[in-house]
Amino acid sequence: MHDCYIDKEPADAGQYGRILNTNTVGITKFMLDADLSLLWADDGYYRQTGYSEQEYKEKFKNLRQHYAGYPGDFEFIEDSLAGALKNGGSGIEMEVRMPVKGGGFVWKNISASISGETVNEHSVCYITYTDAVQKNAAEKCRQCPKDKIQYFKWMMDEYEGNIYISDMETYELLYFNPTACESVGRKLNEVLGEKCHEVIQGRTSPCPYCTNDKLREDEVYEWEFYNQNLDRAFMIKDRIIEWEGKKVRLELSHDNYSLEYRLAKKDRERDAIFRTIPGALARIDARDMDTVLWYGAKFLDVIGYTKEQFENELHSKRNYVYPEDRERAVKIMKKLKETDEYAIMDTRFITHSGETRFVTVTFSYVRAEESWDGIPSFYSVGLDITKERLEQQRQRKILEEAYQMTKIASEAKTNFLSSMSHDIRTPMNAIIGMTSIAAANLNSPGKVENCLNKISSSSTHLLGLINEILDMSKIESGKIDLMYEEVDLPKLFQEIMDMCQPLFYAKNQEFHISANGVRHEKIITDGERLKQVLMNLLSNAIKYTPEGGKISLRINELYSPLINKSQYEFCVTDNGIGMSEDFLGHIFEPFSRAEDSRISKIQGTGLGMTISENIVQMMNGTIDVQSSPGNGSRFTVSVPLEWRAQQDDAADNKLTGLPVLVVDDDQMVCENTTAILEELGMRGSWVLSGREAIEKILAANEQADDFFAVILDWKMPDMDGLQIVRNIRQKLKQNIPIIIISAYDYSDIKDGFLDAGADAFITKPLFKSKILHILQTFITEGRNVKAHAEIPSKPDHIQGKRLLLVEDNELNREVAAELLEMQNFAIDSAENGKKAVEKFQASAPGTYAGILMDIQMPVMNGYEATSAIRALPREDAQAIPIIALTANAFAVDITKARSAGMNDHVAKPIEVDRLTEILKKWIN
């Protein structure tokens, strides 16, 4: 068995010097610069000085430093070498003192020879040191017969370890030194000429582990081997040299019984230990507290310098440390000199590339009298904590940002609560105050009516505030849901118009609404949420646009690459007060309102835009805003929506080719309406004024190509719609249907237009289905007939129907019953779910047309009561409509109600019109 340790190290000593180590002979290599810088030395030289290699290199960089106590000897050596160099590099001999560790000196004979090498443009010199008493023997060997091989043999003979030279092809031993003879127990004349594997390994054939193939001339190959034949381990160094005109193997070794072996093993163990240390090791000179005398482990990795950069650029100084941290470290080291304690500090290193590293450093002080070389020192260990520190900084930044966000949110909510306290108390004060005034004026119907109107308005506003707060709470908790269903766009926008018209009238604002290229009117979305977004935008436009201002809503259907989907745009534009650029960056933040004296009295929570943005994002859409002070605002909501193909808006063959004239002062409305007419196969044309309309109608009549119908806006700039209708009827005997279009409620103007000769009314925006439906009312088998047409309404089929009202709160029950009876419903009531089940079970089939069910009730809640009714074994238990009538108004509550078997959901407080519409939907 054998155990190999392999390490490669460049040969710095020429052909032979590096590998010869002896107590009495020392070889060095110097650069002939001003200080005679040491390039290399063998172990024998270091032993002669009394220093280890590491100690010597830490203390001396050159021969001038070594001879600092004997400057005369240094000048003698320096002058002699300079003379030799001048004379062509001939060798010199001299006797000088050598300073040794601990003080004092020994006399040495030195032989110097200048080689042909150069380092940093300086010549190189080899110097051999021998004891002065051996000078004559050395001299004789070197002069016999001018052959340096004999001198080399003499040095190998003096070598304390084993040396042999062998032929690499024949394995014959060419040289064996006395120590090697003693190790194998044979004489020199017995081994020369023998095979190396026979003499050393006791083998009859070459060693299978022979290292000849690993040897080089410019490197020493080191390994460790257990020799079974000699029963001991050897630390071995091999290389190729030139010997008597041929390349041969030179091997030096120490066995495990030798001091050199134990020292080498100790050095390797020390290096192995250093390699396991995760940081940097350094010894710092305590005299200047700056010079690094020695370093090890990962020192160079931690400071970010190579060996050459550290020694040549930083001159082994601690210049890699931040200046302020160096000053702090010096203060700590000065204090440690007094206390003999150790210290730990965090510091910053600057690498060669300029990177900053964070390092935790320890300092331990050793006094001069306790130091092995008499130099007071600080031993230091540095651990690189850059990753940890950067992570701490990142975490700290996150925490600081979170703290700031929390602080901002807290301040915003504090401001919000303060604002809400005012905003909620304002309508509450009106409700309470008007109630008191009405109670005090019961005999004055006009006064009571006025109070009730104001109570109704304040209640509506208060409900809006509460709904926004609850919506925001749901958004923040992530509980907001979208209820997707088929939505009819014309119906949705009619509902929006119905809600907004009173607000436009109140501020005398001009409103325009139009649809552009809307080909698909039935879409799949959460209609209530979409309506909520658009109502938020419109109500803001109304609030922040002065009286007499202009507001518009445009709907566009754009192309989408997704199958069965289109990109729908809803644009709300106003010419109101606008917003500053600074506020635009905060408009979607919760509780934010612009600081403007003009809006300080406008009520609002500052939540509407936040809620709208969240809803639009949940629909995978975007909301964009453009605004500037004094120039109004433009909000654009863009959402991808799935559409359903429609069968009821296909072109009617009877309409094909018929001409229709569109009259409106809004060119976009004219163009869009004409495009719809052409899709229906008709011939559409348009004009922007009443005069042009009359001229075009009369011209068509003269050419016997009368218009089939005229679609006329009731508000025109030069001549209003009523005057245009009268002019047409006066000047044209032909009875052309005239359809009045308006963005407003036409109930106030209907009678006047009908008296003037109008035939039908239609509200903006003009969708294809609306136009088709109204035009079809004028079709006969011949041409067209007079028809005072409105879109017909369905007969009211719910009058007198009996309902079961289930409500546990007596006051709420009374209010709901009264409101429903005002709509001509007959009402029975139950105070909880159990009573409701019993009443329904006891009634004859068909007694009740529907059930209005509260959710949160004692004894049995609304969900349980609904499930119980659906489970009854009677024919109408599954068919009877059950409507949730509850304050649980969120999407999740609607889903829960439907899962329990309910048909629909109406939120409290009751809106009579909405409740009536729901009942009409479900009651047959």
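A quick note: this is a predicted structure, and the numbers were derived from the prediction, not measured. As a convention, each chain's residues are numbered from 1 in the sequence order in which they are written. Per-residue local features of the predicted model are confined to residues with pLDDT of at least 70, and side-chain atom pairs are confined, for both listing and counting, to 80 or more; whole-chain, interface and lining totals are unaffected and use all residues. Water and hydrogen atoms play no part in the side-chain values, which are based on all heavy atoms of the structure.

Chemist: Residue-level account of the overall build of the protein chain, with values.
Modeler: Strands here mean DSSP runs of E at least two residues long; helices mean DSSP runs of H or I at least four residues long; both are numbered from the N terminus. When its secondary structure is counted, the protein chain shows 29 helices and 33 strands. To sort residues, take the accessible area from a 1.4 Å probe on protein chains only and compare it with the maximum for the residue type: under 20% means buried, over 50% means exposed, and anything in between is partly exposed. Looking at the protein chain as a whole, 47% of its 924 residues are labelled buried. The contacts of the protein chain with a sequence gap of at least 6 include a subset with a gap of at least 24, amounting to 61%. Here the open area of atoms and residues is found with the Shrake-Rupley method and a 1.4 Å probe, where only the protein chains shown may cover a residue. Split by element, the accessible area of the protein chain, about 46500 Å² in all, is 50% carbon and sulfur. It only takes one pair of heavy atoms within 4.5 Å for two residues to be counted as in contact.

Chemist: Before we move on, could you go through the pattern of salt bridges and cite the residues and values that matter?
Modeler: Salt bridges are counted wherever a side-chain nitrogen of Lys or Arg sits within 4 Å of a carboxyl oxygen of Asp or Glu. Counted under the stated rule, the structure contains 41 salt bridges. The shortest N-O distance in the salt bridge between Asp-35 and Arg-64 comes to 2.7 Å. Here Arg-64 lies in helix H3 (residues 63–66) and Asp-35 lies in the loop between strand E2 (25–31) and strand E3 (37–41), a separation of 29 residues in the sequence. With relative accessibility at 36%, the residue Arg-64 sits in the partly exposed group. Salt-bridge contacts for Arg-216 lead to Asp-218; the nearest nitrogen and oxygen are separated by 3.0 Å. Classification of Arg-216 as partly exposed rests on a relative accessible area of 40%.

Chemist: Describe the nonpolar core, listing the residues and the values that go with them.
Modeler: Residues Phe-493, Phe-511, Phe-570 and Ile-740 are the most contacted members of the largest nonpolar core, which totals 74 residues. The element that contributes the greatest number of residues to this core is helix H17 (residues 527–543), accounting for eight residues. With sequence-adjacent residues up to four places away left out, Phe-493 is seen in contact with Ile-513, Leu-534, Leu-553, Ile-555, Phe-570, Pro-765 and Phe-767. The set of buried Ala, Val, Leu, Ile, Met, Phe, Trp, Tyr and Cys residues whose side-chain atoms join them within 4.5 Å is what this entry labels a nonpolar core. Ranked by size, the runner-up nonpolar core spans 27 residues in total, among them Leu-38, Phe-60, Leu-81 and Tyr-129.

Chemist: I'd like a rundown of the environment of Asp-255, residues and numbers included.
Modeler: Relative to the assigned elements, Asp-255 resides in strand E11 (residues 246–255). Overall, Asp-255 belongs to the buried group, its relative accessible area being 11%. As a C-alpha pair, Asp-255 and Gly-161 span 94 residues in sequence and 8.2 Å in three-dimensional space. N or O atoms within 3.5 Å of each other form a polar contact, as long as, within protein, one can give a hydrogen and the other can take it, and as long as residues adjacent in sequence are counted only when both atoms are side-chain atoms. Within polar-contact distance, the side chain of Asp-255 engages the side chain of Arg-232 at 2.9 Å.

Chemist: Tell me about H17, residues and numbers included.
Modeler: To estimate the expected span of a helix, count its residues, drop one, and scale the result by 1.5 Å. With 17 residues, H17 should reach 24 Å at 1.5 Å per residue; the first-to-last C-alpha distance of 24 Å fits that figure. Of all 17 residues making up H17, 13 are buried, and the element is well covered by its neighbours. Two or three places before Glu-528, at the opening of H17, Asp-526 has a side-chain oxygen 3.2 Å from that residue's backbone nitrogen.

Chemist: Requested: an account of the packing of helix H21 (residues 690–702) against helix H22 (residues 721–731), with residues and values cited.
Modeler: Axes here mean lines fitted to C-alpha atoms, for a helix over just the part in contact, with angles spanning 0 to 180 degrees between N-to-C directions. One way to put it is that H21 packs onto H22 with a least axis distance of 10 Å and a crossing angle of 20 degrees. When the axes of H21 and H22 are compared, the pair comes out roughly parallel. When the axes of H21 and H22 are compared, the crossing they make is right-handed. In contact with Gly-690, Ile-694, Ile-697 and Leu-698 of H21, H22 contributes Ile-724, Asn-727, Ile-728 and Lys-731. Note that Gly is not counted as nonpolar here; it falls among the polar residues with everything else outside the nonpolar set of Ala, Val, Leu, Ile, Met, Phe, Trp, Tyr, Cys and Pro and the charged set of Asp, Glu, Lys and Arg. For the contact of H21 with H22, a count of residues per class yields five nonpolar, two polar and one charged. Angular relationships are summarised with four words: roughly parallel below 35 degrees, roughly antiparallel beyond 145, roughly perpendicular across 65 to 115, and oblique for the angles in between. What makes a crossing left-handed is the near helix being turned counterclockwise from the far one by less than a right angle; a clockwise turn instead makes it right-handed.

Chemist: Can you lay out the sheet that holds strand E25 (residues 683–687) for me, pointing to particular residues and giving the numbers?
Modeler: By definition, the strands of a sheet pair up through backbone hydrogen bonds, in either a parallel or an antiparallel sense. The criterion for strand pairing is that DSSP finds at least two bridges linking the strands in question. Taken together, five strands build an open sheet; the order of strands is E25-E24-E26-E27-E28 and the sheet is parallel. Because the sheet does not close on itself, it has two edges, and the strands there are E25 and strand E28 (760–763). Along the sheet, successive strands turn relative to each other by an average axial angle of 20 degrees, direction set aside. In this sheet, strand E26 (residues 709–713) lies alongside strand E24 (residues 659–663) in parallel orientation, the contact comprising four bridges. Its bridge partner being in E26, Val-660 is matched across the sheet by Ala-709. Where helix H20 (residues 667–679) meets the sheet, it contacts E24, E25 and E26, and its direction lies at approximately 170 degrees from that of E25.

Chemist: Help me get a handle on a negative patch on the surface, residues and values and all.
Modeler: Residues enter a patch when their relative accessible area is above 30% and they make no salt bridge; the linking distance is 9 Å between like charges and 5 Å between nonpolar side chains (Val, Leu, Ile, Met, Phe, Trp, Tyr). Charge assignment: positive for Lys and Arg, negative for Asp and Glu; neither His nor the chain ends contribute. In this description, the location of a charge corresponds to atom NZ of lysine, CZ of arginine, CG of aspartate or CD of glutamate. A grouping of Glu-810, Glu-814, Glu-818 and Glu-821 is seen on the molecular surface, where their side chains present a negatively charged patch. Considering the arrangement of structural elements, one finds Glu-818 in helix H25 (residues 810–822).

Chemist: Residue-level account of the packing of aromatic side chains, with values.
Modeler: Note on aromatic contacts: the rings of Phe and Tyr and the six-membered ring of Trp form a pair at centre separations within 6.5 Å, being stacked when their planes are under 30 degrees apart, edge-to-face when over 60 apart, and tilted otherwise. Under the counting rule described, the total for this entry stands at 24 aromatic pairs. Taking the centre distance of 4.9 Å and the plane angle of 40 degrees together, the rings of Tyr-365 and Phe-378 count as tilted. Taken together, the residues Tyr-365 in strand E15 (residues 356–366) and Phe-378 in strand E16 (residues 377–384) connect sequence positions 13 residues apart. Judged by relative accessible area, which is 0%, Phe-378 ranks as buried. Pairwise contacts between aromatic rings join Tyr-45, Tyr-46, Tyr-51, Tyr-56, Phe-60 and Tyr-129 into one cluster. Lysine NZ or arginine CZ positioned within 6 Å of the ring centre and within 35 degrees of the ring normal marks a charge as sitting over the ring. Just above the ring of Phe-105 sits the side chain of Arg-97; from NZ or CZ to the centre is 5.1 Å.

Chemist: A description of the sheet that holds strand E14 (residues 342–350) should follow, citing residues and the corresponding values.
Modeler: Read from one edge of the open sheet, five strands run E13-E12-E16-E15-E14, paired in antiparallel fashion. Sheet topology places strand E13 (292–297) and E14 at the edges, where each strand pairs with a single neighbour. With direction set aside, neighbouring strand axes in the sheet form an average angle of 25 degrees. Both strand E12 (residues 280–285) and E16 contribute to a ladder of six bridges, which runs antiparallel. Of the residues in E16, the one forming a bridge with Ala-282 is Ser-380. Helix-sheet contacts for helix H13 (residues 323–339) involve E14, E15 and E16, and the interaxial angle to E14 is about 160 degrees.

Chemist: Before we move on, can you summarise H22 with the specific residues and values?
Modeler: Among all positions in H22, only Gly-721, Ile-724, Val-725, Asn-727 and Ile-728 are buried. Buried residues in H22, looked at end-on, bunch into an arc of 165 degrees, giving them a common side. Tucked inside the fold, the buried residues of H22 contact H21, E26, strand E27 (738–742) and helix H23 (750–756). With a side-chain oxygen lying 3.2 Å from the backbone nitrogen of Leu-722, the N-terminal cap of H22 falls on Asp-720. For this quantity, the arc is that covered by the directions from the helix axis to the C-beta atoms.

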